[in-house]
Amino acid sequence: MNAYSKSEKGYNRQLATGYAVYMMCGSLFRESYCTNPCEESHLYLHYAGMPRQRQYDTEDEILLQLRQIREDWRLRLEELKCEVHFRREEDRYRILFFTGGFETVESVIEKDGSFQINYSCGE
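Residues numbered from 1 in each chain as written. Predicted model: local features only at pLDDT ≥ 70, side-chain atom pairs only at ≥ 80, totals over all residues. Heavy atoms only, no water.

A. Focus on the pairing of strand β3 (residues 92-98). In terms of burial, β3 is largely enclosed, as five of its seven residues are buried. Direction of pairing for strand β2 (residues 81-89) relative to β3: antiparallel, over a ladder of seven bridges. In the strand pairing of β3, His85 is matched with Leu96. Counting the residues between successive antiparallel strands, the hairpin from β2 to β3 contains two residues, one of them, Glu90, with a positive phi of roughly 55°. In terms of strand pairing, β3 meets strand β4 (residues 103-109) through six bridges, oriented antiparallel. Across the sheet, Arg94 pairs through a bridge with Val108, a residue of β4. (Buried < 20%, exposed > 50% of the residue type's maximum accessible area, 1.4 Å probe, protein only. Helix = DSSP H or I, 4+ residues; strand = E, 2+ residues; numbered from the N terminus. Pairing = 2+ DSSP bridges.)

B. Representation of the packing of helix α1 (residues 13-26) against helix α3 (residues 52-66) in the model. Packing of α1 against α3 brings their axes to within 10 Å, and their N-to-C directions diverge by 50°. Comparing the axis directions of α1 and α3 gives the class oblique. Once α1 is placed against α3, the crossing between them reads as right-handed. Here α1 contributes Arg13, Thr17, Ala20, Val21, Met24 and Cys25 to the contact with α3, which in turn contributes Arg54, Thr58, Glu59, Ile62, Leu63 and Leu66. Split into classes, the residues belonging to the contact of α1 with α3 amount to seven nonpolar, two polar and three charged. (Axes fitted to C-alpha atoms, helices over the stretch in contact; angles between N-to-C directions. Parallel < 35°, antiparallel > 145°, perpendicular 65-115°, else oblique. Left-handed = near helix turned anticlockwise from the far one by under 90°. Contact = heavy atoms within 4.5 Å. Nonpolar A, V, L, I, M, F, W, Y, C, P; charged D, E, K, R; others polar.)

C. Fine view of the sheet that holds strand β1 (residues 31-34). One open sheet holds the five strands; their spatial order is β1-β2-β3-β4-β5, and the pairing between them is mixed. Only two strands of the sheet have a single partner each, and these edge strands are β1 and β5 (115-121). Taking the axes of each pair of neighbouring strands and ignoring which way they run, one obtains an average angle of 20° across the sheet. Bridge count for β1 against β2 is four bridges, and the pairing is parallel. In the strand pairing of β2, Tyr33 is matched with Glu83. The sheet contacts of α1 involve β1, β2, β3, β4 and β5, and relative to β3 the element is tilted by about 15°.

D. Here's a closer look at the side chain of Arg74. Within the fold, Arg74 resides in helix α4 (residues 71-78). Residue Arg74 is classed as buried on the basis of its relative accessible area, which comes to 19%. At 3.0 Å, the side chain of Arg74 forms a polar contact with the backbone oxygen of Ile69. (Polar contact = N/O pair within 3.5 Å; in protein donor to acceptor, adjacent residues only side chain to side chain.)

Shown next as structure tokens:
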């Protein structure tokens, strides 16, 4: 079953990757609140259209980057709630996880689906 309207030809790799990043980075926090549920659904449809093996490969890439977070920072993030914002900036797609404090996680996803996850804990 195709989850797209007739005007769409297939999944967008950037947006599909965005959904995987959103879900996996959001799990770093005790609780995450999506500020735009419509965009969350939009990203999910692209992720659902992504071939299964590509989903697994993307998730493995995300895990590799998340494992680079220092253990003390990860423990700090696990105690916090965050607010998730989505932004399009030229050819990039940015996902921001705000805690209201000094801790932030941010991902920049390029048009080809490549991405970088950046994090800081006020140090």
